[in-house]
Amino acid sequence: MNYIEALNVKKEFGEGDAKVVAVSSIDLSIRQGEFISIMGESGSGKSTLLSMLGGLLSPTRGFVKIEDIDIYSLKRNKLADFRREFMGFIFQSFQLVPYLNVIENVQLPLAVTHHSEKEKKRLALSALERIGLKDKALRLPNQISGGEQERVAIARAVVNEPPILFADEPTGNLDSRNSEEVMKLLMKLNSEGQTIVMVTHSRTNAEYAHRIIEVADGKLKYSEAPIKLAV
Amino acid sequence: MKLHNIAINNLRRRKAKVCFLVIGLLVGVAAVVALLTTTQSMAEDMAHKMDEFGANILITPRSEGLALNYGGLDLGGLSFDQKEISQEDLLTIKTIENAANIRLVSPKVFGVFETQGHKVLAVGVDFTSELALKKWWKINGTAPKLDSEILIGHDASERLKAGLGSKLDIKDYEFTVSGILESTGSQDDSLVFMSLPGSQEIFDKKGKISMVEIAALCKNCPISEIVRQLSDKIPTGKVTAVQQVVEGRMDALHSFQRLSLGISGLVLFVGAMVVFVTMMGSVNERTREIGIFSAIGFRSSHIMKIILLEAFLVSFSAGLLGYLVGIGVTYGILNALSEHSPHLTLDYTMAVGSVFLAILIGLLASFYPARAAAAMDPSEALRTL
């Protein structure tokens, strides 16, 4: 059964002569537990596609369904609730909140849930333990390295154990050693059952996925299984 | 981790901006507190001084006699030989409901006598209350202490060629001039003042009073109500408020209050604009952060709560500090303006009002920025990432 489905999605920005078609009529299906990479050059529309799949950007046309729910038919608040429960996001450049320490950043998605404070802390510490940063829980983001910040961003994305993880260039600001560590972490999360949709322009990183999708000029160029799976 | 942790941590991080915001609102609140407290204090002082400055209620006999002008004030129907007010009735003045507002009661008896070919109006007064009522009087010599002593006005002393210590015959009684009034520019200059019992004796008005002047402290008291209460108690008298005095006093106070309210409103508006601009700037600066909040599942109301909670905390601090600064400024102003050390007490109603006002302004000024933040599309914010 398809877990995430994009049906004829199109996204246009601007109006009249300034109109730009970022994504043009894409159909895409992702199975539960699948790890897919979306590749493409800058401006190809891959991040726009990811935003639409993640409920962050409503398409000009078409539908996005997750667990057979048309997510853009949901009201604003319901869609926010849906994102909180079903999705985790890893953004470019980590995007940690600078005035919150590591554990507070990880707890951020739990701030509006009904978990007790004790439970929130337990979940955050568990997430930090999974990424190996439990000992840096009280540091501020600017007191840890870039690789560590990326791992904190991953911990924040998975702290409430969402079934889907969207990652936009998660290794874009990392050196090769840190990139490899992050990719292995994503592989691990995927092996634990999380569906992962990752945007990258690195072929090496893309090959960690089960399937690679290439987007060019807002259209799906091809969808393929990588030649080798890095495990 | 709760929403308030985010708000508090953000405020802690942005100390300089928070200080600017607090100071912006604090100045407004402090100005309002200082203006209102100073106005209130000055109004009370002014009212007290004005209340001390002569009478504002007159009791004249109920008769339709000749009008007599006294001290530039119209005394209404006053007739020397007709009905008089019973002196016993005056005892009831202190029994009226607003008795606490009555500062001075100065009864008077009028009588005309002839000496050295001149007709002179003599006024019998209780010198203790008369001197308290007419603080502007300057006396050469001393005020009469005995029934046989008199005080004469400046013009009367010249007309009668009566100097200090000279003798004057009034209705076959001999009086000694113990004091002469310096020129007042009023009818007092032509009068001869003697003791109340003495005047009642020589003018054959025992137990009778021609007129009563009353000074009521009435900054916040209804003068018309006091007039009504006095009328009920003194049936033989006609009680009237000296409208031009009362209204003049109230007008002066109201003008002063209106001015300070106007300035306060202006200062608060500027404070509100400072909060609005700063909060709007803050929201724009935090676009990316708000986008992340939204993306990870914060509802619009959650984002509004964070922004408004920050505004609440800043406004609360500004209100509290503003009140204290305002009181300090008032103390300084009053200290500079007054000869005496001002007495200021912490007014809890004003303190609570200041905090409430600051919070109200802070929240109102932050509402639009908070709504703008809450309405921000996560994808718009993510585009800036």
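Bear in mind that the values here come from a model prediction, so they are computed numbers and not experimental data.

Visitor: Looking at this structure, how should I read the overall build of chain A?
Guide: Helix and strand counts for chain A come out as 7 helices and 10 strands. In the form shown here, chain A has an accessible surface area of approximately 10,300 Å², with 48% of it arising from carbon and sulfur atoms.

Visitor: So what exactly am I meant to see when it comes to unusual backbone geometry here?
Guide: Negative phi is the rule for most residues except glycine; trans is the rule for most peptide bonds. At A:D68, a residue that is not glycine, the phi angle is positive and equals roughly 65°. Relative to the helices and strands, A:D68 is located in the loop between strand 4 (61-66) and strand 5 (69-70). Residue classification places A:D68 among the exposed residues on the basis of a relative accessible area of 56%. A positive phi angle is found at B:K161, which is not glycine, with a value near 50°. On the secondary structure map, B:K161 appears in the loop between helix 4 (154-159) and strand 9 (167-170).

Visitor: I tried to follow the sheet that holds strand 1 (residues 2-13) of chain A on my own but got confused; where do I start?
Guide: Within a sheet, adjacent strands bond to each other through the backbone by hydrogen bonds, running parallel or antiparallel. All names here are of chain A. Here 4 strands make up an open sheet; going across it, the order is 2-1-4-5 and the pairing antiparallel. Unpaired on one side and paired on the other, strand 2 (20-31) and strand 5 mark the two borders of the sheet. Sheet analysis places strand 1 next to strand 2, joined by 8 bridges and oriented antiparallel. Bridged to I4 within strand 2 is I30.

Visitor: Teacher, can you tell me more about the sheet that holds strand 3 (residues 35-39) of chain A here?
Guide: All names here are of chain A. As summarised here, the arrangement of the 6 strands in space is 6-7-8-3-9-10, forming an open sheet in which the pairing is mixed. On the outer flanks of this sheet lie strand 6 (87-90) and strand 10 (219-224), each paired with one strand and no other. Looking at each pair of strands side by side, their axes are set apart by 15° on average, direction ignored. Of the pairings in the sheet, the one linking strand 3 to strand 9 (residues 211-216) comprises 4 bridges and is parallel in character. If you follow I36 over to strand 9, its bridge partner there is R211. Sitting on the sheet, helix 6 (residues 176-191) is in contact with strand 3, strand 6, strand 7 (164-168) and strand 8 (195-199), with an inclination near 150° to strand 8.

Visitor: Even after reading the chapter, I still don't get the interface of chain A and chain B, so can you show me in this structure?
Guide: Accessible area lost when the parts come together is the quantity often used to give the size of an interface. Of the residues lining the interface, 25 residues belong to chain A; the matching set on chain B comes to 30 residues. Across the chain A/chain B interface, buried area totals approximately 2,600 Å², and carbon plus sulfur atoms make up 60% of it. Among the residues of chain A in contact with chain B, A:R76, A:Q95 and A:Y99 are the three that bury the most area, contributing 27% of the side total. Counting every contact that joins chain A to chain B gives 1 salt bridge. The salt bridge partner of B:R299 is A:D81, with a shortest N-O separation of 2.4 Å. Our count for the contact surface shared by chain A and chain B stands at 13 residue pairs in polar contact (both at pLDDT 80 or more).

Visitor: Sorry if this is basic, but what is going on with the packing of helix 9 (residues 300-337) of chain B against helix 10 (residues 348-374) of chain B here?
Guide: Axis angle and axis distance: for two packed helices, these are the angle between their axes and the distance between the axes, and together they describe the pair. All names here are of chain B. Remark: helix 9 packs on helix 10, axes separated minimally by 7 Å, with the N-to-C direction vectors making an angle of 150°. Between helix 9 and helix 10, the angle falls in the class roughly antiparallel. Crossing angle aside, the handedness with which helix 9 passes helix 10 is right-handed. Grouping the amino acids of the contact of helix 9 with helix 10 by side-chain chemistry returns 19 nonpolar, 6 polar and 1 charged.

Visitor: Can you walk me through the packing of aromatic side chains in this structure?
Guide: Geometrically, a pair of aromatic rings is defined through the distance of the ring centres and the angle of the planes. Under the counting rule described, the total for this entry stands at 7 aromatic pairs over all chains. Here the aromatic rings of B:F293 and B:F298 are separated by 5.1 Å at their centres, their planes lie at 10°, and the arrangement is stacked. Here B:F293 falls in the buried class, since its relative accessible area comes to 1%. Taken together through their ring pairs, the aromatic side chains of A:F89, A:F91 and A:F166 make up a single cluster.

Visitor: Just to check I follow, could you spell out the environment of B:G117 for this structure?
Guide: Residue and element names in this part refer to chain B. Position of G117 among the secondary structure elements: in the loop between strand 5 (102-115) and strand 6 (118-125). Here G117 falls in the exposed class, since its relative accessible area comes to 65%. Along the sequence, G117 and L160 sit 43 residues apart, while their C-alpha atoms lie 9.3 Å from each other.

Visitor: Mind showing me how you'd approach the pattern of salt bridges here?
Guide: If the charged atoms of two oppositely charged side chains come close together, the side chains can form a pair. Counting across every chain of the model gives 26 salt bridges over all chains. Between A:E12 and A:K19 there is a salt bridge; the shortest N-O distance is 3.7 Å. With its nearest N and O atoms 2.9 Å apart, the salt bridge here joins A:R122 to A:E119. Within this pair, A:R122 and its partner A:E119 are both found in helix 4 (residues 117-130), separated by 3 residues, close to a single helical turn. Each member of the salt-bridge network shares a partner with another, and the members are B:K108, B:E130, B:K134, B:D188 and B:E213.

Visitor: I tried to follow the pairing of strand 13 (residues 211-216) of chain B on my own but got confused; where do I start?
Guide: In regular strands, side chains alternate between the two faces of the sheet. Residue and element names in this part refer to chain B. Counting buried residues along strand 13, 6 of its 6 residues qualify, which places the element largely inside the surrounding structure. Alternating positions in strand 13 separate into two faces, M211, E213 and A215 on one and V212, I214 and A216 on the other, with burial throughout. Relative to strand 13, strand 1 (residues 57-61) is paired through 3 bridges, and the arrangement is antiparallel. Looking at the pairing, I57 lines up with I214 of strand 13. In this sheet, strand 13 lies alongside strand 5 in antiparallel orientation, the contact comprising 6 bridges. Considered in strand 13, the bridge of K108 is made with M211.

Visitor: In this structure, what is going on with the confidence of the model for chain B? I would like to understand it.
Guide: Detailed reading of the predicted coordinates is not advisable wherever pLDDT is low. When pLDDT is averaged along chain B, the result is 83, and 84% of the positions lie at 70 or above. Every residue in residues 75-81 of chain B scores below 50 in pLDDT, and together they form 28 contacts with partners more than four places removed in sequence or on other chains.

Rules of the game
- Residues numbered from 1 in each chain as written.
- Chains lettered and ligands numbered in written order.
- Predicted model: local features only at pLDDT ≥ 70, side-chain atom pairs only at ≥ 80, totals over all residues.
- Heavy atoms only, no water.
- Helix = DSSP H or I, 4+ residues; strand = E, 2+ residues; numbered from the N terminus.
- Areas by Shrake-Rupley, 256 points an atom, 1.4 Å probe, with all protein chains shown as cover.
- Buried < 20%, exposed > 50% of the residue type's maximum accessible area, 1.4 Å probe, protein only.
- Pairing = 2+ DSSP bridges.
- Axes fitted to C-alpha atoms, helices over the stretch in contact; angles between N-to-C directions.
- Contact = heavy atoms within 4.5 Å.
- Buried area = accessible area lost by both parts, 1.4 Å probe.
- Salt bridge = Lys/Arg side-chain N within 4 Å of Asp/Glu carboxyl O.
- Polar contact = N/O pair within 3.5 Å; in protein donor to acceptor, adjacent residues only side chain to side chain.
- Parallel < 35°, antiparallel > 145°, perpendicular 65-115°, else oblique.
- Left-handed = near helix turned anticlockwise from the far one by under 90°.
- Nonpolar A, V, L, I, M, F, W, Y, C, P; charged D, E, K, R; others polar.
- Phe/Tyr/Trp six-rings, centres within 6.5 Å; stacked < 30°, edge-to-face > 60°.
- pLDDT = per-residue confidence, 0-100.

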